[in-house]
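# Observations on chain architecture
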Amino acid sequence: MPNPALETLLLAFAGEDALAIPSRGLFLGAEAHPALMAWPELHGWQPHKPTADAWTRAGFPRCDTPEGHWPLILQLPGKSRDEVLAGFARAWELVEPGGALVAAMENGGGAKRFEKELAGAVGGLISRQKNKCRVFVARRDANGPATMPAEWLEAGRRHTIPSTQFVTEPGIFSAGRIDPGSQLLAEALPIGLKGKVADLGAGWGYLADALLRRCPAVEQVDLYEADSRALDCARVNLAGRARPLKFHWFDVATGLPKRYDAIVMNPPFHSGRSSDVGLGQAFLKAAAAALVPGGELWLVANRQLPYESVLDACGLRRSPAGGDATYKLIRAVR
Ligand SMILES: C[S@@+](CC[C@H](N)C(=O)[O-])C[C@H]1O[C@@H](n2cnc3c(N)ncnc32)[C@H](O)[C@@H]1O
């Protein structure tokens, strides 16, 4: 089913009081849609690699760093409070005087609350509801504020997790904390792991850091991650390490380009808005195909996730490696 928030966002350009389609625009959180193909020039910023690839495949230009001033900013603003409010504040700085910000969100994601916050910051919004979503339009006129609350921008910046040296930012997986499942896996990684190792869905680099700390015979670590914001945090968190590291902005579900002596992962079980067991299973298949004979896969997963049958079907020999009431650790050898 197409993204209902995107369908709703497009309602701002239809009907009686439709906004005019400008000569150029920027879409933050860009997702391709057939209705956008008719627009003269729409650039897209999208940190999620598979969605960014779909955007490019559809023929739209990509924007790596949102900057400049635009007559129109479209926005699908994300989920967490800090991410959404910081996203509004950043978007507003990109709207040229006389231009507009058009954002859409699901009601279940707090659309009404966020609309109220945005209206409080910039004045009256025009809003519409459909598909269990809301779209709201904020016009930047001469009398309105040039910026949004500074604390919104501040909360959206990278912060260090207390008592650690790790930075994260709102919107990425496990922002502001170490994931308890990943911590269990990190503590279980055998110190004898060696050779070339891959961390799939590496996030902000927690497991790669654990590999480097615990396993002296690991020669290099390749980090594969779909969220460019998380990967940028990983670059910071792992800066200055003596052993070679490679950071790949990559969709693991498409399969890995190289072979590895070992692979570690806490596979994702969400894609975008909904849970997706198939994505985690695609990670297992990619790992199985990329291990050298005798290579080891170490993974952590919520106990209820059906991963064992996939490992068996891929011909890996697996053994339980511990865990707790919530998480299971699995070691599987090719
Ligand atoms: C459960 S998190 C684990 C993150 C990190 N390894 C940790 O332990 O903190 C799964 C990660 O997979 C990433 N991810 C989701 N889909 C992906 C894909 N198709 N390709 C690569 N990474 C993906 C997510 O952005 C997320 O960072």
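For the structure itself, look to the data block above.
Residues numbered from 1 in each chain as written. Predicted model: local features only at pLDDT ≥ 70, side-chain atom pairs only at ≥ 80, totals over all residues. Heavy atoms only, no water.

### Some points on the packing of helix H3 (residues 81-94) against helix H4 (residues 111-122)
For clarity, the threshold we go by: For helices, the axis comes from a line fit to the C-alpha atoms of the stretch in contact; other axes are also lines fit to C-alpha atoms, and the angle between any two N-to-C directions lies between 0 and 180 degrees. Helix and strand definitions follow DSSP, with helices as H or I runs of at least four residues and strands as E runs of at least two, each counted in order from the N terminus. Take the far helix as your reference; a near helix turned counterclockwise from it by less than a right angle gives a left-handed crossing, and one turned clockwise gives a right-handed crossing. Contact criterion: two residues are considered in contact whenever any of their non-hydrogen atoms come within 4.5 Å of each other. Gly is placed with the polar residues, together with every amino acid not listed as nonpolar (Ala, Val, Leu, Ile, Met, Phe, Trp, Tyr, Cys and Pro) or charged (Asp, Glu, Lys and Arg).
In contact at an axis separation of 11 Å, H3 and H4 are set at 35° when each is read in the N-to-C sense. For the element pair H3 and H4, the recorded crossing hand is right-handed. On H4, the residues that touch Arg-81, Val-84, Leu-85, Phe-88 and Trp-92 of H3 are Arg-113, Phe-114, Glu-117, Leu-118 and Val-122. Of the residues assigned to the contact of H3 with H4, the class counts are seven nonpolar, no polar and three charged.

### Here's the deal with the sheet that holds strand S2 (residues 42-45)
Rules: Any two strands between which DSSP finds at least two bridges are classified as paired.
With mixed pairing, the six strands of this open sheet are ordered in space as S2-S1-S3-S4-S6-S5. Only two strands of the sheet have a single partner each, and these edge strands are S2 and strand S5 (126-130). For this sheet, the mean inter-axis angle between neighbouring strands, taken without regard to orientation, is 15°. Here strand S3 (residues 70-75) runs beside strand S4 (residues 95-106); their pairing, made up of five bridges, is parallel. Paired with Trp-70 across the bridge in S4 is Val-95. Sitting on the sheet, H3 touches strand S1 (25-28), S3, S4 and strand S6 (133-139), and the angle it makes with S4 is about 155°. Together, S4, S5 and S6 form the strand contacts of H4, whose direction differs from that of S6 by roughly 10°.

### Considering the nonpolar core
Formally: Buried residues of nine kinds, namely Ala, Val, Leu, Ile, Met, Phe, Trp, Tyr and Cys, make up a nonpolar core once their side-chain atoms join them within 4.5 Å. When a residue's accessible area, from a 1.4 Å probe over protein chains only, is under 20% of the maximum for its type it is buried; when over 50% it is exposed; and in between it is partly exposed.
Ranked by size, the top nonpolar core spans 33 residues in total, and within it Leu-189, Leu-193, Leu-211, Val-221 and Leu-223 carry the most contacts. Only helix H6 (180-188), helix H7 (206-214), strand S10 (218-225), helix H8 (228-237), strand S12 (260-265), strand S15 (291-302) and strand S17 (327-333) provide two or more residues apiece to this core. Tallying contributions element by element places H7 first for this core, with six residues. If we skip the residues at most four places from it in the chain, Leu-211 touches Leu-189, Leu-193, Val-197, Val-218, Val-221 and Val-264.

### Section: the site of the ligand
Threshold: Here a residue is near a molecule or strand as soon as one of its heavy atoms is found within 4 Å of it. Any N or O atom pair separated by 3.5 Å or less is treated as a polar contact, with the protein-specific requirement of one donor-capable and one acceptor-capable atom, and with residues adjacent in sequence counted only for side-chain atom pairs. Only the protein chains shown count as cover for residues, with accessible areas throughout obtained via the Shrake-Rupley method and a probe of 1.4 Å.
Of all residues adjacent to the ligand, which total 17 residues, the nearest are Ser-182, Gly-201, Glu-225, Asp-251 and Val-252. Interatomic distance of 2.4 Å between a side-chain N/O atom of Ser-182 and an oxygen atom of the ligand. The separation between a nitrogen atom of the ligand and a polar main-chain atom of Ala-226 is 3.1 Å. When the ligand sits alone it has 590 Å² of accessible area, and the protein chains cover 94% of it. Across the shell around the ligand, the residue classes break down as ten nonpolar, four polar and three charged.

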